Amino acid sequence: GGFPRTLSDFKRKYRVLKIEPQANTHRIVAQPLGQAGRGVRSFTFVIEANRYRLLGIEIALEDGSRLNTVFNHVQSNISMAEPIFSPPLDGFKEVKF
(Lines give C-alpha, C1' and ligand atoms only; values in the text may rest on other atoms or scores of the structure.)
Protein backbone atom coordinates (compact mmCIF):
# COMPACT_ATOMS: atom_id res chain seq x y z
CA GLY A 1 0.00 0.00 0.00
CA GLY A 2 2.95 2.37 0.13
CA PHE A 3 3.92 4.91 2.74
CA PRO A 4 0.92 6.81 4.19
CA ARG A 5 0.48 10.29 2.74
CA THR A 6 -1.37 11.82 5.68
CA LEU A 7 -1.12 11.65 9.46
CA SER A 8 -4.58 10.06 9.71
CA ASP A 9 -3.53 7.34 7.23
CA PHE A 10 -0.38 6.75 9.26
CA LYS A 11 -2.37 6.41 12.49
CA ARG A 12 -4.67 3.84 10.85
CA LYS A 13 -1.68 1.69 9.84
CA TYR A 14 0.77 2.13 12.74
CA ARG A 15 1.11 2.72 16.47
CA VAL A 16 4.11 4.92 17.24
CA LEU A 17 6.31 3.34 19.91
CA LYS A 18 8.94 6.09 20.06
CA ILE A 19 10.55 8.93 18.14
CA GLU A 20 14.32 9.31 18.31
CA PRO A 21 15.61 12.70 17.13
CA GLN A 22 19.22 12.56 15.95
CA ALA A 23 21.58 15.07 14.33
CA ASN A 24 20.13 15.05 10.80
CA THR A 25 17.30 12.56 11.09
CA HIS A 26 14.27 11.52 13.07
CA ARG A 27 13.78 7.78 13.66
CA ILE A 28 10.12 6.88 14.08
CA VAL A 29 9.72 3.40 15.53
CA ALA A 30 6.23 2.08 14.88
CA GLN A 31 4.30 -1.15 15.26
CA PRO A 32 2.13 -2.07 12.27
CA LEU A 33 -1.55 -2.67 12.97
CA GLY A 34 -3.79 -5.36 11.51
CA GLN A 35 -2.68 -7.92 8.93
CA ALA A 36 0.33 -5.79 7.90
CA GLY A 37 1.86 -6.56 11.28
CA ARG A 38 1.85 -10.33 10.96
CA GLY A 39 5.43 -11.46 11.55
CA VAL A 40 6.72 -7.90 12.00
CA ARG A 41 7.93 -6.58 15.35
CA SER A 42 8.47 -2.98 14.22
CA PHE A 43 9.17 -0.59 11.38
CA THR A 44 11.65 2.24 11.87
CA PHE A 45 11.12 5.08 9.44
CA VAL A 46 14.24 7.22 9.03
CA ILE A 47 13.15 10.75 8.11
CA GLU A 48 15.39 13.63 7.02
CA ALA A 49 15.15 16.25 9.77
CA ASN A 50 15.07 19.42 7.67
CA ARG A 51 13.01 18.33 4.62
CA TYR A 52 11.01 15.44 6.14
CA ARG A 53 11.91 13.03 3.33
CA LEU A 54 11.85 9.29 3.89
CA LEU A 55 15.51 8.20 3.82
CA GLY A 56 15.13 4.57 4.80
CA ILE A 57 13.09 1.85 6.46
CA GLU A 58 14.30 -0.70 8.96
CA ILE A 59 12.07 -3.72 9.53
CA ALA A 60 12.49 -5.89 12.63
CA LEU A 61 10.82 -9.27 12.23
CA GLU A 62 9.47 -11.41 15.07
CA ASP A 63 12.04 -14.14 14.35
CA GLY A 64 14.84 -11.68 15.21
CA SER A 65 15.95 -10.95 11.65
CA ARG A 66 16.16 -7.40 10.28
CA LEU A 67 15.87 -5.79 6.87
CA ASN A 68 17.25 -2.31 6.13
CA THR A 69 16.39 -0.33 3.02
CA VAL A 70 18.19 2.96 2.37
CA PHE A 71 17.05 5.45 -0.27
CA ASN A 72 20.25 7.20 -1.32
CA HIS A 73 19.23 8.69 -4.66
CA VAL A 74 15.70 10.02 -4.59
CA GLN A 75 14.32 12.05 -7.48
CA SER A 76 11.03 13.86 -6.94
CA ASN A 77 8.36 14.37 -9.58
CA ILE A 78 10.31 12.99 -12.53
CA SER A 79 8.43 12.42 -15.77
CA MET A 80 7.85 8.80 -16.72
CA ALA A 81 6.77 7.31 -20.02
CA GLU A 82 3.10 6.28 -19.87
CA PRO A 83 3.72 2.73 -21.28
CA ILE A 84 5.62 1.81 -18.12
CA PHE A 85 2.24 1.52 -16.38
CA SER A 86 0.72 -0.63 -19.13
CA PRO A 87 3.08 -3.57 -19.69
CA PRO A 88 2.18 -6.17 -22.33
CA LEU A 89 0.29 -9.06 -20.74
CA ASP A 90 0.53 -11.52 -23.63
CA GLY A 91 1.10 -15.06 -22.39
CA PHE A 92 -0.32 -14.43 -18.90
CA LYS A 93 -3.61 -15.78 -17.59
CA GLU A 94 -5.66 -14.35 -14.71
CA VAL A 95 -6.25 -16.81 -11.89
CA LYS A 96 -8.64 -16.13 -9.02
CA PHE A 97 -8.06 -17.83 -5.69
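First, a word on what this report is: a plain description of the structure on this page. (Residues numbered from 1 in each chain as written. Predicted model: local features only at pLDDT ≥ 70, side-chain atom pairs only at ≥ 80, totals over all residues. Heavy atoms only, no water.)

1. Describing unusual backbone geometry
Note: most peptide bonds trans; most residues except glycine with negative phi.
Logical step 1: One non-glycine residue, Tyr-52, adopts positive backbone phi at about 60°.
Logical step 2: As for its placement among the helices and strands, Tyr-52 is situated in the loop between strand E3 (40-48) and strand E4 (54-61). (Helix = DSSP H or I, 4+ residues; strand = E, 2+ residues; numbered from the N terminus.)

2. Some words on the pattern of salt bridges
Logical step 1: If you walk through the whole model with that rule in mind, you get six salt bridges.
Logical step 2: Taking the shortest distance from any N to any O, the salt bridge between Glu-20 and Arg-27 comes out at 3.4 Å.
Logical step 3: Since its relative accessible area comes to 25%, Glu-20 is described here as partly exposed.
Logical step 4: Using a relative accessible area of 17% as the deciding quantity, one classes Arg-27 as buried.
Logical step 5: The residue Glu-48 makes a salt bridge to Arg-51 at a minimum N-O spacing of 3.4 Å. (Salt bridge = Lys/Arg side-chain N within 4 Å of Asp/Glu carboxyl O. Buried < 20%, exposed > 50% of the residue type's maximum accessible area, 1.4 Å probe, protein only.)

3. Brief notes about the nonpolar core
Logical step 1: One finds Phe-10, Tyr-14, Ile-28, Ala-30, Val-40, Phe-43, Phe-45, Ile-47, Ile-57 and Ile-59 forming the largest nonpolar core, which totals 10 residues.
Logical step 2: Breaking this core down by element, the ones donating at least two residues are strand E2 (25-32), E3 and E4.
Logical step 3: The contact partners of Ile-28, leaving out residues within four places of it in the chain, are Phe-10, Val-16, Lys-18, Ile-19, Phe-43, Thr-44, Phe-45 and Ile-47. (Core = buried A, V, L, I, M, F, W, Y, C linked by side-chain atoms within 4.5 Å. Contact = heavy atoms within 4.5 Å.)

4. Some details on the sheet that holds strand E1 (residues 14-21)
Two orientations exist for strands paired in a sheet by backbone hydrogen bonds: parallel and antiparallel.
Logical step 1: One open sheet holds the five strands; their spatial order is E1-E2-E3-E4-E5, and the pairing between them is antiparallel. Lying at the two open borders of the sheet, with one neighbouring strand each, are E1 and strand E5 (66-70). Averaged over all pairs of adjacent strands, the angle between their axes in this sheet comes to 15°, without regard to strand direction.
Logical step 2: The pairing of E4 with E5 spans five bridges and is antiparallel. The residue bridging Gly-56 from the neighbouring strand is Val-70, located in E5. (Pairing = 2+ DSSP bridges. Axes fitted to C-alpha atoms, helices over the stretch in contact; angles between N-to-C directions.)

Note that all results are geometric; they support no functional claim without further evidence.
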